[in-house]
Amino acid sequence: MFKQTVREGFLSQVIIQTFGIAAGVGLASMRGALEELPGMLIMIPAFLQMRGAIGGTLASRLSSALHTGVIEPRLKASRELSQNLVGTFVLNVILSGLIGCLAHFMCLLFGFKSSGLLALFLLALIAGIISNLVIMLITTVMTIKIYQRGLDPDVIMGPFVTTLGDVLSIPCLFLAALILMAAGM
Amino acid sequence: MTYYKARDIVKQGGVAITTSVIVDSFAGVLLNAKMEALLSIPILLVLLPSLMDMTGDIGCMVGSKIATFLHLGLVRPRLEKNPYLMRYAAAVMTVAVLTSLYLTFLAVAASHLLGLSAVEPLKVLAVVLACSVSISVIAFLVGMVAGFVTFKHGWDPDNTTIPIVTAVCDIMGAMLLLSAASLVGII
């Protein structure tokens, strides 16, 4: 067991952390935005956590649905699929908004400078919606395609989606920050 | 009627993810308190997503394995020496050390290519190793306690150990990154 755990654990970490460093490079290059929008740094761990959790649970539900036959392995609109996507989207909107508000209240609680409740709320919401649309599309298409090929999406999609979430979240937060700064907030 | 209902997905997912998001906001507070140091030593920002990811992954590996051991009856829910746990701990520790070497190499190379202010590679390695090794130990201790307590109460440790261990690992990860960095004199 020792050898197998080390081999599989290290190999998956090599792939995941290569993307992780790409996300880190993105974060380091948006130092300007982090300074311009105080409170933004507070929301980053929570935002990454949410992105991974929402993407991971969607992938895991779709995998189960494909294995049980509740969803057909075809790229076709169905009520089961749309309920899954609507649920994911609503959850994402609520949690993104919450993360923005939390960042502001943490600033108040711990005496940090904040960009304001509205700015942080909008920042998290805009970044959350953009990244979620991309994640939902990629997750749905890939999970179905992988299943069609006879592979098990349970094994592949979970780690892939959480890593993808990390890499996507940073540019989306950056984009949202640019939008807000252009709007003069 | 459909098998999946958007309302249930929002409700059930909402409870679990909201809790983890609140815990992670405190990790954000820790980072924000050291924002100036992070902005002036950007290699720490380069490392941040990877380190948070790695600590979460270690937490997951430990949490789900302890749950499996309990279900299989290979580990009894009490604090005692157990060969399965010891061997798994050694394997996780090895993964943590190997990944730290790889992560340091990538972060130093990326910072060099981007022309970010340089930090001695050995100091970076010391910080990454300190974080990953201590997180592995913490994950094991917390995973054992969380798994044992919930298992004794008749709950499924698969539902409880991972969220508890990963939340603790996220907070500790941010704390360890900052304290290790100041210990070796980077910040």
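Preceding block: the structure.
Here's the deal with the overall build of chain B
Working step 1: A count of helices and strands for chain B gives six helices and zero strands.
Working step 2: When its helices and strands are written in sequence order, chain B yields α-α-α-α-α-α.
Working step 3: Considered along the principal axes of its C-alpha atoms, chain B spans approximately 55 × 45 × 25 Å.
Working step 4: Relative to its 187 residues, chain B shows a buried fraction of 49%.
Working step 5: A fraction of 80% describes how many contacts in chain B between residues 6 or more apart in sequence connect residues 24 or more apart.

Comments concerning the environment of L177 of chain B
Residue and element names in this part refer to chain B.
Working step 1: By the element assignment, L177 lies in helix α6 (residues 157-183).
Working step 2: Residue classification places L177 among the buried residues on the basis of 26 C-beta atoms within 10 Å.
Working step 3: The sequence separation of L177 and L31 amounts to 146 residues, and the corresponding C-alpha distance is 9.4 Å.

Brief notes about the interface of chain A and chain B
Working step 1: Contacts between chain A and chain B engage 53 residues on the former and 52 residues on the latter.
Working step 2: Where the side of chain A that touches chain B is concerned, the elements lending two or more residues are α1 (2-29), α2 (31-36), α3 (40-68) and α4 (79-110) of chain A.
Working step 3: Here the residues of the side of chain A that touches chain B are counted per class, giving 35 nonpolar, 13 polar and five charged.

How each quantity is defined
- Residues numbered from 1 in each chain as written.
- Chains lettered and ligands numbered in written order.
- Predicted model: local features only at pLDDT ≥ 70, side-chain atom pairs only at ≥ 80, totals over all residues.
- Helix = DSSP H or I, 4+ residues; strand = E, 2+ residues; numbered from the N terminus.
- Buried ≥ 20, exposed ≤ 12 C-beta atoms within 10 Å, placed from the backbone.
- Contact = placed C-beta atoms within 7 Å.
- Nonpolar A, V, L, I, M, F, W, Y, C, P; charged D, E, K, R; others polar.

Everything listed is a geometric property; what it means functionally is a separate question.
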